[in-house]
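A closer look at the structure
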Amino acid sequence: MNSQAVLEFARGPFFYFALLFMLFGLAFRLFSVISLGWSRDRVSPMGSKTKGVVVTFLKAFLIWPFIPWVKNTFNRNPLIYIGGGLFHLSLFVVIILGTPHMLVWKSLIGFGWATLPLPIVDWMSAIGIIAMVILLINRRIHPVLKLISGPAEFFAWLFVFLPMLTGYMMTHHIGGSYEALYARHMITVDVLMIWIPLSRISHFVFYFFSRAIHGQEFGKRGVAV
Amino acid sequence: MMSTTEKAMEAFVHETGGWVAAQLEACTRCGMCAEACHFYQATGNPEYAPVWKMELLRRAYEQRFTIIGGVKATLGLDKRVTDEDLAHWSDLNYEACTVCNKCSMVCPMGIDIGSLLHGMRAGLAAAEVIPADLAAAVTKQVNEGSPLGMTDTVWDQRLEWVADEWEVEIPRDVKGATTMVVFSSIEVMKFPANVAAIAKILNKAGEKWTVSSKAREIVNFGFYEGSEEHTKLFLNRVLDGAKDLGVKRIVVTECGHAYDALRWHAANWIPEASNFDVIHITGVLGELVGSGRIKIKPGFFDNGGKITFHDACKIQRKGGHIQEPRDILKVLAPNSFTEMTPNREESVCCGGGGGVIAVKAADPVRYASFELKIDQVNAVGAKTVSMTCSNCRLQFTDSVDHFKLDWKVAGLSQMVADALEE
Ligand code: SF4
Ligand code: SF4
């Protein structure tokens, strides 16, 4: 099979299969969790749960990322905090604000949006790659991370890292013809999409639950979140 | 017969509703919670990372409820829980965790780790893999009504003595009183002045209050242990006493864990619990001072060096009474009251809560974690540390002794009682 054929497959049937697998897989995971049942909280609150939830999300998205040094979390874990933060920022910039990806979104959902100039996106992707490498090294040497990491953590890292790497190589024409590079990128993306519902990469779905629970628990006690 | 491990697994599974599962699923295993834990900070032992302390709960959930977890366990990629594991995690959870929930403040996913760690205890308690001294205290509370040996007669004599010694009236078993106060045996047996102080304050405020001979112990060792059965048994003793006397509200005195159990959990286990207002004495003090029902002498404690306030995990961060002590201390010591860092909901646990102080084997880590407290108090140069939990106070007085510190350890109720305007 030549690169062209592989590419056709990776951005055609394989892509749609992976996409559906991811969506159904996540829906299934979500359903399994919810179907375990949620008992009603009969405790009379001292403060507002709703306020707690709203405030905790606002803080998580709009405040802490920009003034992290006021939190102990940051001061005691600067590496994980900055590394993790830059990695997520890089993902957001590249996948949402990069022109090629925006066009993929447009073809899937029907509308597009303004994007950032290529050099910025390119730098952000490089930063994301470096952050990932640093996080991996840290995971291998930090005593706590060593203890809590197994094959699952490594594979999750690998399957997120590969699309980032192949995407960067593709933009810079490193390591083969355009078709070959493109095909490689698409295959790693497809594999990632399949891996998401099978691993903890799915945390972004459950994040909304755990953060909301945090807001409720602190809010009902009238304690700042 | 179920094996020990099966019993624990059953209990873990029982603990796991969607609420717990969603949070276990959200964990990214980033390890950031480690740095929040005073036991990890004090010792650097990676096994004290909160995420690791709840490892068995995660395994039980994943292997029982998720396809991937089942497959991984079958292929040997995820370890099954063994009896040795239970014994090991029992040490980690009962010796090096006070269930203070500081880790939840740090987790980027906002996971309520403290609740999940309580779930860990539930499994360990169901399998009866708990430290011998804790088990003995629970048995004592089942049989005698109190883990500290405060039997009917002892309770009776102690209160009699307190009433005499401090010349204060302690109304007993008064039907039709509005408020029932339930002291902890720590106060009755070790800090009796606290009992006298609270009585004096309530009398002064003209509160229609009573103690109950049925509901004489607020401490709940079942909640420390994590056993739902024992927790409910002890909660019911309190609620029955309240029902008999027909009171409207129950005041929990200076015990944090007991307050957490009665105020923030009881209604979910025992529906009648919602018939009563449950409030911590700190809330009552705030109310009485704020409304002017009692008057305290401004600046009464201003001349004895700096005073700082230690936030108790279960009364402040997990209890909600963060502002009241500050409002009161600002009146009592406007010039010498100074905040430690971190404080309020971010404060660091004293290291003695969650039953840890009752477990002898925990002594080394308990003292090690108290060293963090020493640094915080010394950083502001305080000579007096005020607090609202007698369990913290036990840890403070014991550690002050152990480290030969020249601090005064003061219960807030006692400070208020001392400063009452005649
Ligand atoms: S900080 Fe939260 S997400 Fe990270 S390992 Fe701990 S519990 Fe999991
Ligand atoms: S609840 Fe407190 S003691 Fe327990 S793991 Fe979390 S921070 Fe440590």
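Residues numbered from 1 in each chain as written. Chains lettered and ligands numbered in written order. Predicted model: local features only at pLDDT ≥ 70, side-chain atom pairs only at ≥ 80, totals over all residues. Heavy atoms only, no water.

On to the overall build of chain B, then. Each helix and strand in chain B was counted, giving 23 helices and seven strands. For a compact globule of 422 residues, the expected C-alpha radius of gyration is about 22 Å, and chain B comes in at 22 Å, within 12% of that figure. The C-alpha extent of chain B, read off along each of the three principal axes, is 75 × 50 × 35 Å. The proportion of buried residues among the 422 residues of chain B is 64%. Long-range pairs, those at least 24 residues apart, make up 80% of the contacts in chain B between residues at least 6 apart in sequence. (Helix = DSSP H or I, 4+ residues; strand = E, 2+ residues; numbered from the N terminus. Rg over C-alpha atoms; globule rule 2.2 N^0.38 Å. Buried < 20%, exposed > 50% of the residue type's maximum accessible area, 1.4 Å probe, protein only. Contact = heavy atoms within 4.5 Å.)

Next up on the list: the site of ligand 2. All names here are of chain B. In the vicinity of ligand 2, the contacting residues are C37, H38, F39, P50, K53, C97, T98, V99, C100, N101, C103 and L117. At the level of secondary structure, the elements contributing two or more residues to the shell around ligand 2 comprise α3 (38–43) and α4 (50–53). Here the residues of the shell around ligand 2 are counted per class, giving eight nonpolar, three polar and one charged. (Near = heavy atom within 4 Å. Nonpolar A, V, L, I, M, F, W, Y, C, P; charged D, E, K, R; others polar.)

We now examine the packing of aromatic side chains. Residue and element names in this part refer to chain A. The final tally for this structure, using the stated rule, is 29 aromatic pairs over all chains. Both rings, one in F61 and one in Y207, keep their centres 6.2 Å apart while their planes meet at 80°; by these two values the pair is edge-to-face. Taken together, the residues F61 in helix α3 (residues 49–63) and Y207 in helix α11 (residues 203–220) connect sequence positions 146 residues apart. Relative accessible area serves as the criterion here: at 46%, F61 is assigned to the partly exposed category. Among the residues examined, Y207 registers a relative accessible area of 11% and is labelled buried. Each ring, one from F206 and one from F209, has its centre 6.4 Å from the other, and the planes form 35°; the classification is tilted. Placement of the pair is F206 and F209 together in helix α11, with a separation of three residues, close to one helical turn. Using a relative accessible area of 1% as the deciding quantity, one classes F206 as buried. (Phe/Tyr/Trp six-rings, centres within 6.5 Å; stacked < 30°, edge-to-face > 60°.)

Another point: the site of ligand 1. Looking at ligand 1, the residues that line it are C27, T28, R29, C30, G31, M32, C33, V51, C107, P108, M109 and I113 of chain B. Among the residues forming the shell around ligand 1, the class breakdown is nine nonpolar, two polar and one charged.

So, on to the interface of chain A and chain B. Taken together, the contacts link 46 residues of chain A with 60 residues of chain B. In total, chain A and chain B occlude about 4,500 Å² of area from one another, counting both sides; carbon and sulfur atoms represent 62% of this. Looking at the side of chain A facing chain B, the largest losses of area belong to I148, R200 and R221 of chain A, adding up to 15% of the total buried there. Inspection of the region where chain A meets chain B yields four salt bridges. D260 of chain B is paired through a salt bridge with R221 of chain A; the nearest N and O atoms lie 3.9 Å apart. Taken together, chain A and chain B are joined by 17 residue pairs in polar contact (both at pLDDT 80 or more). (Buried area = accessible area lost by both parts, 1.4 Å probe. Salt bridge = Lys/Arg side-chain N within 4 Å of Asp/Glu carboxyl O. Polar contact = N/O pair within 3.5 Å; in protein donor to acceptor, adjacent residues only side chain to side chain.)

Residue and element names in this part refer to chain B. According to the domain assignment, chain B contains domain 1 (4–130), domain 2 (133–288) and domain 3 (292–418). Domain 1 and domain 2 are separated by 32 Å when their C-alpha centres are compared. Taken together, the seven residues of domain 1 in the interface contact eight residues of domain 2. In this assembly, domain 1 packs against domain 2 so that about 690 Å² is buried in total across both faces, 61% of it on carbon and sulfur atoms. The tally of links between domain 1 and domain 2 comes to zero salt bridges. (Domains from an automatic or database assignment.)

Time to look at the pairing of strand β3 (residues 249–252) of chain B. Residues and elements named next belong to chain B. Burial of the side chains of β3 extends over both faces: R249 and V251 are buried on one face and I250 and V252 on the other. Sheet topology note: the strand β1 (residues 179–182)/β3 ladder contains four bridges and is parallel. Of the residues in β3, the one forming a bridge with V182 is V252. Judged from the four bridges that link them, β3 and strand β4 (residues 277–280) form a sheet pairing that is parallel. Following the sheet pairing, V252 is matched in β4 by H280. (Pairing = 2+ DSSP bridges.)

Glancing now at the state of the cysteines. Tallying each qualifying case throughout the model produces zero disulfides over all chains. There is no disulfide at C392 of chain B, and the cysteine sulfur nearest it, in C389 of chain B, is 3.8 Å away. (Disulfide = S-S within 2.5 Å.)

Within the structure shown, the criterion is met by 32 salt bridges over all chains. K318 of chain B is the partner of D260 of chain B in a salt bridge, and the nearest nitrogen-oxygen pair spans 3.7 Å. Here D260 of chain B, found in helix α16 (residues 256–264), pairs with K318 of chain B, found in the loop between α19 (313–317) and α20 (323–332); they are 58 residues apart in sequence, far enough to count as distant. Residue D260 of chain B shares its accessibility class with K318 of chain B, and that shared class is buried. Each of the salt bridges in this network shares a partner with another, and the network as a whole consists of E153 and R200 of chain A together with R29, E55, R58, R59, E62, D78 and D85 of chain B.

By size, the foremost hydrophobic cluster in this structure holds 131 residues, and its most contacted members are F12, L86, M180, I250 and L262 of chain B. Per-element tally for this core: the top contributor is helix α10 (residues 178–195) of chain A, with eight residues. Not counting the four nearest positions on each side in its chain, F12 of chain B is found in contact with L56, L57, A60, L86, G119, M120, G123 and L124 of chain B. Counting residues in each nonpolar core, the second largest holds 42 residues, with I170, V188, V284 and V289 of chain B among its members. (Core = buried A, V, L, I, M, F, W, Y, C linked by side-chain atoms within 4.5 Å.)

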